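# Residue-level structure breakdown
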Amino acid sequence: MTAQLQQDAQVQDNVLTLDSVHTNIAQYNILHGVSFSVPRNQVTMLLGRNGAGKTTTMRTIMGLWQAAQGKIQLNGDDIQTLETVAIARKGLHYVPENMGIFSGLSVEENIRLATRKNKIDPERLEWIFTLFPAMKKFWQWPAGQLSGGQKQMLSIARSIIEPCELLLVDEPSKGLAPSIIENLITAFNQLKENNTTILMVEQNFRMASVLGDHLAIMDDGVIVHESDMASFVADEEKQSALLGLSMEAHQ
Ligand SMILES: Nc1ncnc2c1ncn2[C@@H]1O[C@H](COP(=O)(O)OP(=O)(O)OP(=O)(O)O)[C@@H](O)[C@H]1O
């Protein structure tokens, strides 16, 4: 294979690439040249200390903040100037940190609202019920009455009720009890087996290392490390140098 062909194959293997992305919020330059890739059919973990710029990166990918400079490509096409709705239509589904569910609506209504034509595909719903049995049990309940873990599951269920090209999930384990985190890991593992490409922000290093295939580490608005997860997990020196005590490394 020629070097050019190898390069092309690599490009095709990534669902998403960010190249020198800058984002400003008001007068502040929050991202100053973020570059990393999200390989197809893999889980990519975006790690880094509080305030490093992880959520800003997710929001910039989704067009909720406009990139001031740089390129964001989905399957090789530029998306950095598109509106959020257009980005979502291209198959980027976002589970924000605050989950964004409608408390006064039932589980069913929340999920129905996330469908394109107000129609739930029964086969997909059965698959979601196997991932998250609580969704079946509480189908007619107001979402506001669900526990924190169940709300997180509803938020993820909503984002996968339609097939997606890439699922972006911001800190799904935040505030959840360890046993619920284990349930989430099981569900994400099943999503992985279904070849869902995922970009996840996560502070819980156990969850990140168990689920992740690939990782990018941020600090102060730039990526300071990108590699496969296995080699990073095997290198304790690198872990403590890059993550230090900022991650919940021993959870
Ligand atoms: N709406 C905003 N207005 C002003 N500054 C903001 C805003 N949102 C984020 N920032 C700043 O941008 C920086 C990056 O924040 P961001 O939320 O992206 O970090 P993070 O890595 O996701 O952190 P955390 O793990 O705490 O969620 C922080 O310094 C934050 O204070």
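About the thresholds
Residues numbered from 1 in each chain as written. Predicted model: local features only at pLDDT ≥ 70, side-chain atom pairs only at ≥ 80, totals over all residues. Helix = DSSP H or I, 4+ residues; strand = E, 2+ residues; numbered from the N terminus. Rg over C-alpha atoms; globule rule 2.2 N^0.38 Å. Buried ≥ 20, exposed ≤ 12 C-beta atoms within 10 Å, placed from the backbone. Pairing = 2+ DSSP bridges. Axes fitted to C-alpha atoms, helices over the stretch in contact; angles between N-to-C directions. Domains from an automatic or database assignment. Contact = placed C-beta atoms within 7 Å. Nonpolar A, V, L, I, M, F, W, Y, C, P; charged D, E, K, R; others polar. Near = placed C-beta within 6 Å. Core = buried A, V, L, I, M, F, W, Y, C linked by C-beta atoms within 7 Å. pLDDT = per-residue confidence, 0-100.

### Examining the overall build of the chain
The secondary structure content of the chain amounts to eleven helices and ten strands. In terms of C-alpha radius of gyration, the chain reaches 18 Å, essentially the compact-globule figure of 18 Å for 251 residues. The 251 residues of the chain split such that 38% are buried.

### Description of the sheet that holds strand 9 (residues 214-219)
In space, the six strands of this open sheet follow the order 6-7-8-3-9-10, with mixed pairing throughout. Looking along the sheet, the strands with just one partner apiece sit at the ends: strand 6 (92-95) and strand 10 (222-228). In this sheet, adjacent strand axes meet at a mean angle of 15° when their direction is disregarded. In this structure, strand 3 (residues 43-47) lies alongside strand 9, joined through four bridges in parallel fashion.

### Quick notes on the environment of leucine 47
Mapped onto the fold, leucine 47 is located in strand 3. The class of leucine 47 is buried, set by 25 C-beta atoms lying within 10 Å. For the pair leucine 47 and glutamine 69, spaced 22 residues apart in the sequence, the C-alpha separation amounts to 22 Å.

### Brief notes about the pairing of strand 9
Regular strands have side chains that alternate between both faces of the sheet. The element strand 9 is largely enclosed, with a buried count of five among its six residues. Pairing of strand 9 with strand 10, which is carried by six bridges, proceeds in the antiparallel orientation. Each residue of the ladder has a partner; that of histidine 214, found in strand 10, is aspartate 228. As consecutive antiparallel partners, strand 9 and strand 10 are separated by two residues, and within that stretch aspartate 220 has a phi angle of approximately 50°, a positive value.

### Thoughts on helix 2 (residues 54-61)
Taken across its eight residues, helix 2 has seven buried, putting it largely inside the fold. With its phi angle positive at about 75°, glycine 63 sits one or two positions after the end of helix 2.

### Looking at unusual backbone geometry
Of note in this structure, asparagine 118 is not a glycine but carries a positive phi near 60°. Assignment of secondary structure puts asparagine 118 in the loop between helix 4 (107-113) and helix 5 (122-131). Phi is positive for asparagine 195, close to 60°, though the residue is something other than glycine. Of note, asparagine 195 is situated in the loop between helix 8 (178-193) and strand 8 (198-201).

### Quick look at the domain arrangement of the chain
Assigned domains within the chain: domain 1 (10-91 + 164-251) and domain 2 (100-163). Using C-alpha coordinates to define each centre, domain 1 is positioned 24 Å away from domain 2. Contacts between domain 1 and domain 2 engage eleven residues on the former and ten residues on the latter. Breaking the side of domain 1 that touches domain 2 down by element, the ones donating at least two residues are strand 7 (166-170) and helix 8. Ranked by residues supplied to the side of domain 1 that touches domain 2, first place goes to helix 8 with five residues. Class assignment for the residues of the side of domain 1 that touches domain 2 results in eight nonpolar, three polar and no charged.

### Observations regarding the site of the ligand
Taken together, the neighbourhood of the ligand is formed by Ile25, Ala26, Tyr28, Ile30, Gly48, Asn50, Gly51, Ala52, Gly53, Lys54, Thr55 and Thr56. Those elements giving two or more residues to the shell around the ligand turn out to be strand 2 (28-39) and helix 2. The element contributing the most residues to the shell around the ligand is helix 2, with three residues. Taken together, the residues that form the shell around the ligand break down as five nonpolar, six polar and one charged.

### Observations regarding the nonpolar core
One finds Ala157 and Leu168 to be the most contacted residues of the largest nonpolar core, which totals 61 residues. The contact partners of alanine 157, leaving out residues within four places of it in the chain, are Ile111, Ile128, Phe132 and Met135.

### Describing the sheet that holds strand 4 (residues 67-74)
Pairing in this open sheet of four strands is antiparallel, and the strands run 2-1-4-5 from one edge to the other. Two strands bound the open sheet, and with one partner strand each, they are strand 2 and strand 5 (77-78).

### Some words on the confidence of the model for the chain
Summarising the model, the chain shows a mean pLDDT of 88, and 92% of its residues fall at 70 or more. When mean pLDDT is compared element by element in the chain, helix 2 scores highest at 97, while helix 1 (residues 3-13) scores lowest at 55. This prediction of the complex comes with two scores: 0.88 for pTM and 0.94 for ipTM.

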